Amino acid sequence: MSGSSAGARYLCLHCWRALERPDAYFLCAACDDDVERPAWMRRSGGALRRLRDVRRPWWSRLFADDNGDRRPCPRHPDAPFQLYCECGYPLSERAALRGAPLGLGIAGPRSSGKTLLVVTMMHELHGLELAGRPLGAVGLDDTESRFHELSAGFFDHGGKPYATAPLAAEAPRWDGEVPPGNFAWTLTVGGGRRGAPPALVAVNDLGGETWGLPSHQRRERFDRYLDHLGSLIFLLDGSSLAADLGFAVDDAWDASPPPGDRGATARQWFSRIVERLGRRARRVDLALTVSKADSLWVRDGWEGLRPDDADDDGGDEERQALLERLLREGQRRDVLIEARQRFRNVRLFAVSSLGFLPDDVDVDGDGHLRRPAHPSGVTEPLVWLLGRRLPASR
């Protein structure tokens, strides 16, 4: 997604604005040199200026290069410059968009496993193939370092990710740090035409409280992210489902598993999301995903939920039928019925970020896992969603 053309749009990883190039701001390196001087010695023009507001001489416009504004500063036409969002975040050329970004949302009630799914899903994505072709994922800006910090505690020490905080109503001025839940990767499908643009996948790991807000409570930054949303994973808590089916959930890693509530929490959260999306839902592909499914597929009659048990000869369709039965008996079929009316495409999945149901010997006295995680099925929702969006995967 090269963004060097004059008609490029840039995605801000801090506030989720998508700016046309003329609406971006710039800082000239030569003008910026004046910032360290006393105020009375500075020349004018040391602050951020919007590209469209810059008045260039007629001869500069007449003999401009293909980009027109490659060197926007009229005082220093040969000086390097940096583009910025209006919130102050520096815009990367790798975040220049050709078409819409592949906005991915991961929603669900509190403690349904959203952050852990993000961690395990993106970890397992490396080395994956899409339609038989290798898939490469490289983080944008400081995504890789921040994501490593988030995931290292889990994979290296068996600790739980920190609870995700609710999203602020609006992004403050950028102060050098991106919100901890904002991530973006460029995805490239190998074996295709050389120079073909990668897809830009944006992920916002939000607290359940944000997804559950009534639609009349405005969250400008959240709504801007939803404008980019084309793919959504909605989590149905498998521990709560198991309780509603009459199974005792004994998870040594979770001292307070959610109680059964006959699907009330799932329906409430799903209702809020549908209200928030509004008409946007018609362009969103939805992966209805049972999280913590290890508490279900260890039970008699539900073993077929495990992804490894689905064979190549109709196994996946049998698994879809089993998942529909699970939602029906767990009193969550209403979510599936409305989802098929509201969203562009809908498919069911069952995943486990751990790959097993921890017992006492798997957890130490500090609540850390002794047993290594072997995530099961966590990339299946993402691969299906990408298959709906990436032309190279078809």
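Each remark here, short or long, concerns the structure printed above.
Anyway, here's the lowdown on the structure attached to this text. (Residues numbered from 1 in each chain as written. Predicted model: local features only at pLDDT ≥ 70, side-chain atom pairs only at ≥ 80, totals over all residues. Heavy atoms only, no water.)

**So, the overall build of the chain**
Scanning the chain for helices and strands turns up 11 helices and 14 strands. In the chain, the share of contacts with a sequence separation of at least 24, taken over all contacts with a separation of at least 6, comes to 76%. Only carbon and sulfur atoms are counted for the fraction: they give 48% of the accessible area of the chain, which is about 18,900 Å². (Helix = DSSP H or I, 4+ residues; strand = E, 2+ residues; numbered from the N terminus. Contact = heavy atoms within 4.5 Å. Areas by Shrake-Rupley, 256 points an atom, 1.4 Å probe, with all protein chains shown as cover.)

**What about the packing of helix α8 (residues 264–277) against helix α10 (residues 333–342)?**
If you want to describe how two helices pack, look at the angle between their axes and the distance between the axes. Put simply, α8 and α10 touch, their axes get as near as 10 Å, and they point 15° apart. Compared by their axis directions, α8 and α10 come out roughly parallel. When you trace α8 past α10, the crossing you get is left-handed. Of the residues in α10, those touching α8 at A266, R267, F270 and V274 are D334, V335, E338, A339 and R342. (Axes fitted to C-alpha atoms, helices over the stretch in contact; angles between N-to-C directions. Parallel < 35°, antiparallel > 145°, perpendicular 65-115°, else oblique. Left-handed = near helix turned anticlockwise from the far one by under 90°.)

**Quick notes on the pattern of salt bridges**
Applying the stated criterion across every chain yields a total of 19 salt bridges. Of the charged contacts, one joins D244 and R332 as a salt bridge, the two residues approaching to 3.0 Å between their closest N and O atoms. Here D244, found in helix α7 (residues 238–244), pairs with R332, found in the loop between α9 (315–329) and α10; they are 88 residues apart in sequence, far enough to count as distant. Residues D285 and R389 are paired through a salt bridge, measuring 3.1 Å at the closest nitrogen-oxygen approach. Within this pair, whereas D285 is found in strand β13 (residues 285–291), its partner R389 is found in helix α11 (residues 380–389), the two being separated by 104 residues in sequence. Residue R389 is classed as partly exposed on the basis of its relative accessible area of 22%. Where salt bridges share partners, they join D223, D227, R276 and R280 into one cluster. (Salt bridge = Lys/Arg side-chain N within 4 Å of Asp/Glu carboxyl O. Buried < 20%, exposed > 50% of the residue type's maximum accessible area, 1.4 Å probe, protein only.)

**Focus: the nonpolar core**
Membership of the largest hydrophobic core comes to 65 residues, with the highest contact counts inside it found for W211, L232, F234, L286, L288, L305 and F343. Here the element with the most residues in this core is α8; it accounts for 6 residues. For F343, the contacting residues outside a window of four places in its chain are L232, F270, V274, L277, A281, R282, V284 and L286. Counting residues in each nonpolar core, the second largest holds 30 residues, with I106, A137, I233 and W384 among its members. (Core = buried A, V, L, I, M, F, W, Y, C linked by side-chain atoms within 4.5 Å.)

**Here we look at helix α6 (residues 220–228)**
Among the 9 residues in α6, 7 count as buried, and that is most of the element. Those residues of α6 that fall on the buried side of the exposure criterion are R221, F222, D223, R224, Y225, L226 and H228.

**Some words on the sheet that holds strand β4 (residues 49–50)**
Here 3 strands make up an open sheet; going across it, the order is β4-β3-β5 and the pairing antiparallel. Across the chains shown, the open sheet's two edge strands, defined by having one partner strand only, are β4 and β5 (81–84). Pairing between strand β3 (residues 25–28) and β5: 4 bridges, direction antiparallel. By the bridge assignment for β5, F26 is matched with L83. (Pairing = 2+ DSSP bridges.)

**What about the side chain of K292?**
Here K292 is to be found in the loop between β13 and α9. Within the local environment of K292, its side chain forms a polar contact with the side chain of D237, the two groups lying 3.0 Å apart. Among residues more than four places away in sequence, those in contact with K292 are S111, S112, G113, D237, G238, S239, D254, P258 and V351. (Polar contact = N/O pair within 3.5 Å; in protein donor to acceptor, adjacent residues only side chain to side chain.)

**Here we look at unusual backbone geometry**
A positive phi angle is found at W16, which is not glycine, with a value near 70°. Tracing the sequence through the fold places W16 in the loop between β1 (9–11) and β2 (18–20). The backbone of Q331 shows a phi angle near 60°, a positive value even though the residue is not glycine. Note on placement: Q331 falls in the loop between α9 and α10.

**Describing the packing of helix α3 (residues 114–125) against helix α4 (residues 143–157)**
α4 packs onto α3 with a crossing angle of 95° between their chain directions and a minimal axis gap of 10 Å. Compared by their axis directions, α3 and α4 come out roughly perpendicular. On α4, the residues touching T115, L116, V118, V119, T120, M122 and H123 of α3 are F147, L150, S151, F154 and F155. Residue composition of the contact of α3 with α4, by class: 8 nonpolar, 4 polar and no charged. (Nonpolar A, V, L, I, M, F, W, Y, C, P; charged D, E, K, R; others polar.)

**A word on the sheet that holds strand β14 (residues 345–350)**
One open sheet accounts for 8 strands, arranged β8-β9-β10-β11-β7-β12-β13-β14; its pairing is mixed. At either margin of the open sheet sits one strand with a lone partner, and together these are β8 (129–130) and β14. Direction of pairing for strand β10 (residues 182–189) relative to strand β11 (residues 199–204): antiparallel, over a ladder of 6 bridges. Bridging across to β11, L187 finds its partner in A199. α6 rests against β7 (102–107), β11 and β12 (229–237) of the sheet, and its axis sits at about 110° to β12.

**A short note on the packing of aromatic side chains**
On inspection of all chains with the given rule, the structure shows 9 aromatic pairs. For the pair F154 and F155, a centre-to-centre distance of 4.9 Å together with 70° between the ring planes defines the contact as edge-to-face. Relative accessible area serves as the criterion here: at 28%, F155 is assigned to the partly exposed category. Pairing F349 with W384 gives two aromatic rings, centres 6.0 Å apart and planes at 55°, and the pair type is tilted. With a gap of 35 residues between them, F349 in strand β14 and W384 in helix α11 connect regions that are remote in the sequence. On the basis of relative accessibility, which here comes to 6%, the residue F349 falls in the buried class. (Phe/Tyr/Trp six-rings, centres within 6.5 Å; stacked < 30°, edge-to-face > 60°.)

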